[in-house]
Amino acid sequence: MTPFEIGLLALGAMGLLVMLGMHVPIALMLCSFGGVWAIKGSPDLAAKLMALAANDAISSYFFGVVPLFVLMGFLVSEAGFGRDAFLVANSAFRRVKGGLGVGAVGASAIFAAITGISIASAAVFTKIAVPEMRRHGYTARFSVGIVAGASVLGMLIPPSLLLILYGILTEQSIGDLFIAGIGPGLLLAVMFGIGVILLATFAPGFAGRTEQGGPGLPPGEMLARAAPLAGLILLVLGGIYGGFFTPVEAGAMGALGALLLGAAMGRLTLRGLWRVLVETGLVTAAVCFLIIAAQTYSRMLAFSGLPAGLGAFAAEADLGFWGLMLAYVGVVILLGMILDSASIMLILVPLMIPVVQPMGIDLIWFGIVTVIAVEIGLLTPPFGISVFVVKSTLNDPTVPLGEIFKGAAPFALIMLAALLLIIAFPPIATGLLPGR
């Protein structure tokens, strides 16, 4: 067999193992080891390659950004800043039709700018926003759909764990990826807000009565709740964009800032801090394992020549820019129905980068497109991790899983529309980057 055929066989075997229920990183590592063994004819060489890939992945200075931003996200969540974000956003939008829903979207956008984790956003606002919306006449379907839909902003608005993962996989600037995520993130938040208003106005059967959210906060209290959030966002993102910090240093400063604010406001206990540290360790270990698996997979693909062969096939097929992008987005969305976000990126990104690079496609822009397409999978059945998080956090037997998927469906369609806009108009993502 030729190396190309071995690569195809390893890819097919990996897909079969995943479908049979094996964890994606384990399947990637097994098939990578088997593929290199078959290509080079030496198990010792395959084992040494995997060890080298693991060392290269974890010894990178920029890997330090992962635990630091994860730690910051969990500290912010534990300190209750999500409730502050919801109260501030609800107060700002209380006079708008569907204002509580718009407030939930706005709060998710604020929360995303200081956490970067969709699952944390889904859990926090299920507890905070859903009961408040249902109390004011929103249907269960609409209220949980808003929270599930808005939670995806956590993986797009910087700092984003998926953008960090993409940057590590492709060796692109994490700072540039964060800057590129601002425009699409704000666009998606605005489109979500408009979608909530339109549904509340023209689909009362779906949305419910959507009463206004009551009196707003006094200006002094609103400022007091908004100031710590604004300070953290300015510290982290302003530090990166102003050139004061590298992304790793910004993660450290953000974690320190969240810790000091939470402690000064009396919102962090020793028990809560221990829980944060344990959860940070678990998430970091999981991400670390994923990155090691991705590196071994990338090396196997390079040895097999499979990406180059697929690139030649795409060139000969003359799919063109739109044909290639639509096919890619379609595959990502289909995989999103059965796999989690990180796993999709681990499988597809190493395969696609050698295909799109010769076409002159901006890899920073391609990363934003990839993240949005992957995030649509958070809302689509049967996997839909954000939907499952909302369901488990809500713990209400009167709201079945199907109702949450139905409530999230309009937001998945809005995401698809935003994705097509970004594909058609790349400056939405790259306009803030100098020289692009």
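Here's what I pulled together on the structure shown here.

About the criteria used
- Residues numbered from 1 in each chain as written.
- Predicted model: local features only at pLDDT ≥ 70, side-chain atom pairs only at ≥ 80, totals over all residues.
- Heavy atoms only, no water.
- Helix = DSSP H or I, 4+ residues; strand = E, 2+ residues; numbered from the N terminus.
- Rg over C-alpha atoms; globule rule 2.2 N^0.38 Å.
- Contact = heavy atoms within 4.5 Å.
- Areas by Shrake-Rupley, 256 points an atom, 1.4 Å probe, with all protein chains shown as cover.
- Phe/Tyr/Trp six-rings, centres within 6.5 Å; stacked < 30°, edge-to-face > 60°.
- Buried < 20%, exposed > 50% of the residue type's maximum accessible area, 1.4 Å probe, protein only.
- Axes fitted to C-alpha atoms, helices over the stretch in contact; angles between N-to-C directions.
- Parallel < 35°, antiparallel > 145°, perpendicular 65-115°, else oblique.
- Left-handed = near helix turned anticlockwise from the far one by under 90°.
- Nonpolar A, V, L, I, M, F, W, Y, C, P; charged D, E, K, R; others polar.
- Arc of directions from axis to C-beta.
- Patch = residues over 30% accessible without salt bridge, like charges linked within 9 Å, V, L, I, M, F, W, Y side chains within 5 Å.
- Salt bridge = Lys/Arg side-chain N within 4 Å of Asp/Glu carboxyl O.
- Polar contact = N/O pair within 3.5 Å; in protein donor to acceptor, adjacent residues only side chain to side chain.
- Expected span 1.5 Å × (residues − 1).
- Core = buried A, V, L, I, M, F, W, Y, C linked by side-chain atoms within 4.5 Å.

## Overview of the overall build of the protein
- Regarding its fold elements, the protein presents 21 helices and 0 strands.
- Its C-alpha radius of gyration of 22 Å places the protein within 12% of the 22 Å reference for a compact globule of 436 residues.
- Seen through its principal axes, the protein has C-alpha atoms that stretch 70 × 45 × 45 Å.
- Across the protein, contacts joining residues at least 24 apart in sequence account for 79% of those joining residues at least 6 apart.
- As displayed, the protein offers around 17,500 Å² of accessible surface, 71% of which is attributable to carbon and sulfur atoms.

## Some thoughts on the packing of aromatic side chains
- In total, this model carries 9 aromatic pairs according to the counting rule given.
- Where Tyr138 meets Phe142, the ring centres are 5.8 Å apart and the plane angle is 10°; that geometry is what we call stacked.
- Both rings, one in Phe192 and one in Phe411, keep their centres 5.4 Å apart while their planes meet at 75°; by these two values the pair is edge-to-face. On the criterion of sequence distance, the pair formed by Phe192 in helix α10 (residues 174-202) and Phe411 in helix α20 (residues 401-424) is long-range, its members being 219 residues apart. There is no split in this pair, since Phe192 and Phe411 are both buried.
- Chaining the aromatic ring pairs together yields one cluster made of Tyr138, Phe142 and Phe206.

## So, the packing of helix α7 (residues 118-135) against helix α19 (residues 385-394)
- At a closest axis distance of 9 Å, the pairing of α7 and α19 adopts a crossing angle of 40°. In terms of orientation, α7 lies oblique with respect to α19. As for the relative orientation of α7 and α19, their crossing is right-handed in sense. Across from Ile119, Ala122, Ala123, Thr126, Lys127 and Val130 in α7, the residues of α19 making contact are Ile385, Ser386, Val389, Val390, Thr393 and Leu394.
- Partitioned by chemical class, the residues of the contact of α7 with α19 number 8 nonpolar, 3 polar and 1 charged.

## Side note on α19
- For α19, the full list of buried residues reads Ser386, Val387, Val389, Val390 and Leu394. Projected down its long axis, α19 shows its buried positions confined to an angular sector of 160°, all on one face.
- Where α19 is buried, its residues meet α7, α8 (140-151) and α20.
- Asn395 lies just past α19 and shows a positive phi near 50°.

## Some words on a nonpolar patch on the surface
- On the surface, a nonpolar cluster with roughly 530 Å² of combined accessible area is contributed by Phe321, Trp322, Leu326, Leu413, Leu416 and Leu420.
- Tracing the backbone shows Trp322 in helix α16 (residues 320-336).

## Considering the environment of Val355
- With respect to the secondary-structure elements, Val355 resides in helix α17 (residues 341-356).
- Spatially, the C-alpha atoms of Val355 and Phe313 are 9.3 Å apart, while their sequence positions differ by 42 residues.

## Points about the environment of Ile385
- Mapped onto the secondary structure, Ile385 falls in helix α19.
- The residues touching Ile385, leaving out its near neighbours within four places in the chain, are Ile119 and Leu378.

## Thoughts on the pattern of salt bridges
- Applying the stated criterion across every chain yields a total of 8 salt bridges.
- The shortest N-O distance in the salt bridge between Arg267 and Asp84 comes to 2.7 Å. Within this pair, whereas Arg267 is found in the loop between α13 (247-264) and α14 (270-304), its partner Asp84 is found in helix α5 (residues 81-93), the two being separated by 183 residues in sequence.
- Residue Arg267 is classed as partly exposed on the basis of its relative accessible area of 26%.
- Notably, a salt bridge pairs Lys406 with Glu403, separated by 3.9 Å at the nearest N-O pair.

## As for the side chain of Thr280
- Within the fold, Thr280 resides in helix α14.
- Here Val276 takes part through its backbone oxygen, which lies 2.8 Å from a polar atom of the side chain of Thr280.

## Looking at unusual backbone geometry
- A positive phi angle, close to 60°, is found at Glu171, a residue other than glycine.
- Checked against the element boundaries, Glu171 lands in the loop between α9 (161-170) and α10.
- By relative accessible area, which is 72% here, Glu171 ends up exposed.

## Observations regarding α5
- In this model, α5 (13 residues) spans 18 Å end to end at C-alpha, consistent with the 18 Å of a helix rising 1.5 Å per residue.
- The complete set of buried residues in α5 reads Phe81, Gly82, Asp84, Ala85, Phe86, Val88, Ala89, Asn90 and Ser91.
- Against the buried residues of α5 lie α4 (65-78), α6 (99-112), α7, α12 (219-241) and α13.

## Digging into the nonpolar core
- The biggest cluster of nonpolar side chains holds 153 residues, and the ones touching the most others in it are Ile146, Leu153, Leu188, Phe192, Trp365 and Phe366.
- Ranked by residues supplied to this core, first place goes to α17 with 12 residues.
- Setting aside its immediate chain neighbours within four residues, Ile146 contacts Gly101, Ala104, Val105, Met133, Tyr138, Val196 and Phe411.

## Side note on the packing of α4 against α14
- The interhelical angle for the contact between α4 and α14, taken along N-to-C directions, is 145°, at an axis separation of 9 Å. Judged by the twist between their axes, the crossing of α4 over α14 is right-handed. Contact with α4, carried on its side by Val66, Pro67, Val70, Leu71, Phe74, Leu75 and Glu78, involves Gly272, Leu273, Arg275, Val276, Leu277, Glu279, Thr280, Val283, Thr284 and Val287 of α14 and no other residues of that element.
- Counted by class, the contact of α4 with α14 contains 11 nonpolar, 3 polar and 3 charged residues.

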